[in-house]
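For reference, the chains in residue letters:
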Amino acid sequence: MNIKRHMHFIFVVVFSLFAGMFLSLPAAAADLSEPQRAIEDASNKLKQRLQDPSFPHDFQKINAFVQEVIYPNVDFDLISSLVLGKMWKDASPAEKDSFKKEFQILLIRTYSRAFFEFKDWSVRFLPITPEEDERKVLIKTEVLQPGLQPIAVNYRMLNVKGQWKAYDILIEGVSLVTNYRTSFKNEVERTGSLQEVINQLAKRNTEALSHKNNS
């Protein structure tokens, strides 16, 4: 897989992987840890949604699914703050709210595209590596496709008030958070304003959704 396609894979597949779109290999529920079961549960719910043939083509249905199943299992507040890095501290409350909203839409759009571009994958859970902080865990998996080398996909998860939530995903060692942080940092340096970057992101989201609804 060349670099360009590898990077495209990262951004297209990220939400689909968390949702378990690539069906997990059979495993007894007792064999999985609590955070692994969170991923497995989202997978099973998505399988039910896919029985509706219109689902992959309907952004509103995908968005509703994300809100119902994915959103509770992802710490969007933490992801947003990590993506903006130092800029998060200087952002106004309004900028933080706007960024979280538009960034989530961006991820959902990315998620929806994966239905058309990547199919027939399976996921294998690997042993968990304990971390010093008991509230955190790294869930290691391999994405399998016939005839190709496995792709390492790891989920950084945090226990938030008794519930495990993902706050970063690493594909072949490349972090979703780090990639978006670099991208947005460069955009802010280019435009000179976080608000301008948010405005541009909102415009791209609106145009993309308008095109999707008209197609």
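Every value quoted in this text rests on a predicted model; they were computed, and no experiment measured them. (Residues numbered from 1 in each chain as written. Predicted model: local features only at pLDDT ≥ 70, side-chain atom pairs only at ≥ 80, totals over all residues. Heavy atoms only, no water.)

Quick notes on the overall build of the protein
Logical step 1: Assigned secondary structure in the protein consists of eight helices and six strands.
Logical step 2: Put simply, the protein runs from its N terminus to its C terminus through helices and strands in the order α-β-α-α-α-α-α-β-β-β-β-β-α-α.
Logical step 3: In the protein, buried positions account for 46% of the 215 residues.
Logical step 4: The long-range share in the protein, meaning contacts at least 24 apart out of those at least 6 apart in sequence, stands at 59%.
Logical step 5: By element, 52% of the accessible surface of the protein is carried by carbon and sulfur atoms, the whole surface being about 11300 Å². (Helix = DSSP H or I, 4+ residues; strand = E, 2+ residues; numbered from the N terminus. Buried < 20%, exposed > 50% of the residue type's maximum accessible area, 1.4 Å probe, protein only. Contact = heavy atoms within 4.5 Å. Areas by Shrake-Rupley, 256 points an atom, 1.4 Å probe, with all protein chains shown as cover.)

Thoughts on the confidence of the model for the protein
Logical step 1: Looking at the protein as a whole, the pLDDT averages 77, with 77% of positions reaching at least 70.
Logical step 2: The least confident element of the protein, judged by mean pLDDT, is helix H1 (residues 3-19) at 46; the most confident is helix H5 (residues 86-90) at 94.
Logical step 3: Every residue in residues 1-13 is under pLDDT 50, and counting partners more than four places away or in other chains gives 26 contacts.
Logical step 4: Note that pLDDT drops below 50 for residues 19-23; the model gives that stretch 24 contacts with residues more than four away or on any other chain. (pLDDT = per-residue confidence, 0-100.)

Describing the nonpolar core
Logical step 1: Ranked by internal contacts, the top residues of the largest apolar core, which has 33 residues, are Ile70, Val83, Phe99, Phe103, Tyr180 and Phe184.
Logical step 2: Examining the composition of this core, we find that six residues originate from one element, helix H3 (residues 59-70), more than from any other.
Logical step 3: Look past the residues within four positions of Phe103 in its chain and what remains in contact with it is Ile79, Ser80, Val83, Tyr180, Phe184 and Leu201. (Core = buried A, V, L, I, M, F, W, Y, C linked by side-chain atoms within 4.5 Å.)

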